[in-house]
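Read off the chains here:
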Amino acid sequence: MQKKLLSLIVLSMLSGQAMATSIEDKIDMLQDEIDQLKAKAAYAEKNEGGMKGFANNTTIGGYGELHYNNFKGDVPAGEKRAKDEIDFHRFVLFFGHRFNDWISFKSELELEHSNTENGGAVELEQAYLDFNFSEKLNAKAGIFLMPLGFINETHEPPTFYGVERNFVETRIIPSTWWEAGASLYGEVAPGWKYQAGVTSSLAAEHFEKFSTKGVREARRNVSEAPAEDFGVHGRLDYSGLPGLTVGASLFTGNTGQDNDALNGADARLTLWDVHARYQADKFDLRALYAQGHLSDAAKINDAFGHEAANRFYGWYMEAAYHVWKNGEQDFAPFVRYEKWDTQADIPNNIARNEASENDVWTVGANYWPHPQVVLKADYQKFDKPDGDKGDKRFNLGLGYMF
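Since the model is a prediction, treat every value here as computed from it, not as a measurement.

## Some remarks on the layout of surface pockets
- Of the voids in this model, the largest pocket is the one considered here, and its volume is about 1500 Å³.
- Sorting the residues of the lining of the largest pocket by element identifies strand E1 (58-72), strand E2 (85-98), strand E4 (121-132), helix H2 (168-172), helix H3 (210-213) and strand E15 (357-370) as the ones contributing at least two each.
- It is E2 that provides the largest number of residues to the lining of the largest pocket, a total of 4 residues.
- Grouping the constituent residues of the lining of the largest pocket by class yields 8 nonpolar, 12 polar and 22 charged.
- The calculated volume of the second largest pocket comes to roughly 1000 Å³.
- Lining of the second largest pocket is provided by 36 residues; of these, Phe150, Glu153, Thr154, Gln195 and Arg235 occupy positions nearest its centre.
- If you tally residues by element for the lining of the second largest pocket, the top one is E1, at 5 residues.
- The residue inventory of the lining of the second largest pocket, partitioned by class, reads 13 nonpolar, 11 polar and 12 charged.

## Here we look at unusual backbone geometry
- In this chain, Ser175 is followed by Thr176 through a cis amide linkage whose omega measures -5 degrees.
- Within the chain, Asp296 stands out as a residue other than glycine whose phi angle is a positive 60 degrees.

## Comments concerning the pattern of salt bridges
- One pass over the full model with this rule turns up 18 salt bridges.
- Residues Asp284 and Arg277 are paired through a salt bridge, measuring 2.6 Å at the closest nitrogen-oxygen approach. Judged on exposure class, the residue Asp284 and its partner Arg277 are both buried.
- Between Lys392 and Asp391 there is a salt bridge; the shortest N-O distance is 3.4 Å.
- One continuous salt-bridge network, built from bridges that share partners, spans Arg286, Glu318, Arg336 and Glu338.

## Some details on helix H4 (residues 297-304)
- Regarding H4, the residues found buried are Ala297, Ile300 and Asn301. Considered in projection along H4, the buried side chains sweep an arc of 95 degrees and stay on one side of the axis.
- Just downstream of H4 lies Gly305, where phi reads positive at about 75 degrees.

## Brief notes about the packing of aromatic side chains
- Under the criterion given, the structure shown has 18 aromatic pairs.
- On the numbers, 5.8 Å between centres and 40 degrees between planes, the contact of Trp102 with Phe133 is tilted. With Trp102 in the loop between E2 and strand E3 (103-112) and Phe133 in the loop between E4 and strand E5 (138-145), this pair connects stretches of sequence that are 31 residues apart.
- Assessed through its relative accessible area of 35%, Trp102 is described here as partly exposed.
- Phe133 gets classed as partly exposed once you look at its relative accessible area, which sits at 47%.
- A ring pair is formed by Tyr161 and Phe334, whose centres lie 5.7 Å apart and whose planes are at 35 degrees; its orientation type is tilted. One end of the pair, Tyr161, is in the loop between E5 and H2; the other, Phe334, is in strand E14 (residues 329-345), and 173 residues separate them in sequence.
- For Phe334, a relative accessible area of 3% gives the class buried.
- An aromatic cluster is defined as three or more aromatic residues linked by ring pairs; in this entry it consists of Trp102, Phe131 and Phe133.
- A cation sits over an aromatic face here: Lys140 above Tyr128, 5.4 Å from the ring centre.

## Brief notes about the confidence of the model for the protein
- Scored by pLDDT, the protein comes out at a mean of 90, with 87% of its residues at no less than 70.
- Predicted confidence for residues 8-21 stays below pLDDT 50, and this span has 0 contacts to residues more than four positions away or in other chains.

## Some thoughts on the environment of Leu124
- Locating Leu124 in the fold gives a position in strand E4.
- Taking the C-alpha atoms as reference points, Leu124 and Ile143, separated by 19 residues in sequence, lie 8.3 Å from one another.
- Setting aside its immediate chain neighbours within four residues, Leu124 contacts Glu108, Leu109, Ile143 and Trp178.

## Brief notes about the pairing of E4
- With 10 bridges joining them, E3 and E4 adopt antiparallel strand pairing. In the sheet register, Glu110 faces E4, and the bridge partner there is Glu123.
- Two strands pair when backbone bridges link them, and E4 and E5 are joined in this way by 6 bridges, in the antiparallel orientation. Residue pairing across strands places Asp130 opposite Lys140, the latter belonging to E5.
- What sits between E4 and E5 in their antiparallel hairpin is a turn of 5 residues.

## What about the pairing of strand E7 (residues 192-200)?
- Of the strand pairs in this sheet, strand E6 (residues 178-189) and E7 are connected by 8 bridges, and their pairing is antiparallel. By the bridge assignment, Leu184 is partnered in E7 with Ala196.
- Hairpin remark: E6 followed by E7, antiparallel, with 2 residues in the connecting loop; positive phi at Gly191, about 90 degrees.
- Both E7 and strand E8 (residues 230-238) contribute to a ladder of 9 bridges, which runs antiparallel. From the neighbouring strand, Ala196 faces E8, where its bridge partner is Gly234.

The rules behind these values
Residues numbered from 1 in each chain as written. Predicted model: local features only at pLDDT ≥ 70, side-chain atom pairs only at ≥ 80, totals over all residues. Heavy atoms only, no water. 1 Å grid on protein atoms, 1.4 Å probe; cavity = no way out; pocket = protein on both sides within 12 Å on 5 of 7 lines; lining within 4 Å. Points joined across faces, edges and corners; volume = space filled by probe spheres on them. Helix = DSSP H or I, 4+ residues; strand = E, 2+ residues; numbered from the N terminus. Nonpolar A, V, L, I, M, F, W, Y, C, P; charged D, E, K, R; others polar. Salt bridge = Lys/Arg side-chain N within 4 Å of Asp/Glu carboxyl O. Buried < 20%, exposed > 50% of the residue type's maximum accessible area, 1.4 Å probe, protein only. Arc of directions from axis to C-beta. Phe/Tyr/Trp six-rings, centres within 6.5 Å; stacked < 30°, edge-to-face > 60°. Lys NZ or Arg CZ within 6 Å of the ring centre and 35° of its normal. pLDDT = per-residue confidence, 0-100. Contact = heavy atoms within 4.5 Å. Pairing = 2+ DSSP bridges.

In structure tokens form, the structure reads like this:
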């Protein structure tokens, strides 16, 4: 009897210990599952927050424009007039990201002429870090647009009149012109804004077609571009009166880039402009004068067979009147007169190219069905034939930005 009782006690103790072990195992298993669920929830919350943060701090935008050019009138003797063209001239994407409340990144990637053949190209126009310290002092570093004139920094189709960008700000100021470097900017006093910095420079070796395009062909893509010489730039604008902006900008830098063919010539380029814009009620008036000076132009021509000039200049005046506005819609006719000369003063080792000097009247209208969408039409009359494109041109265009 005692043996049976002892056996029952032992069995009961073993059974209880096994049950306790089983419960502890189950508790441990449940705790593991809870820990895994918590980890998954934390991971999901972290990633969801990261995605929300990325979406809230990242900006995507862009602009584009489609042109139709109808060429008419006379062409130089021996030239055959160019055929009419339709061209999706530019497709640009903007990407920006704000890392915190004072550091951001901005970039623009452009596809020209819908492909990379027949003059088309994929170009990185901007890619820079922007450091916002205060209203008076900020900085940017990377690839950015040079702060000259009106068009070079602000060239989205809804922001300017006419299908094509004006000639002065493409042949004298070589828009769109970007360099790599660093720049300071801000508002030094109420109404007074400035920019100043150091960047890469142009290369005199590439002053091809100087007589018709100025220094435009010397723009590099910051792709293993020569960096023996650098340039400095500055800009000052005043906008302290309602509707008025007046200012001036400057770039100067050697372009020789230590090229052996120039035998140490600096080939310093100095390019400056003064500009003014007045917007009041329905009127929009704009004027700009730009001039460039190039040292060692004769040596550049001897070395590379170019037609570089000692001095070149251009100016234009433009007036628009917003005759009709209805909600987001806007319609504004405009007229512009511009004159330029890429060989205003030439060295004695080249002959003057008659195509270097011209002036043109442009009359047309912009219609904005939405502030970020524009339809354009204009007619241009040149004093001399614009190459094989004739001395008259009718243009249609559409553009957008977002």
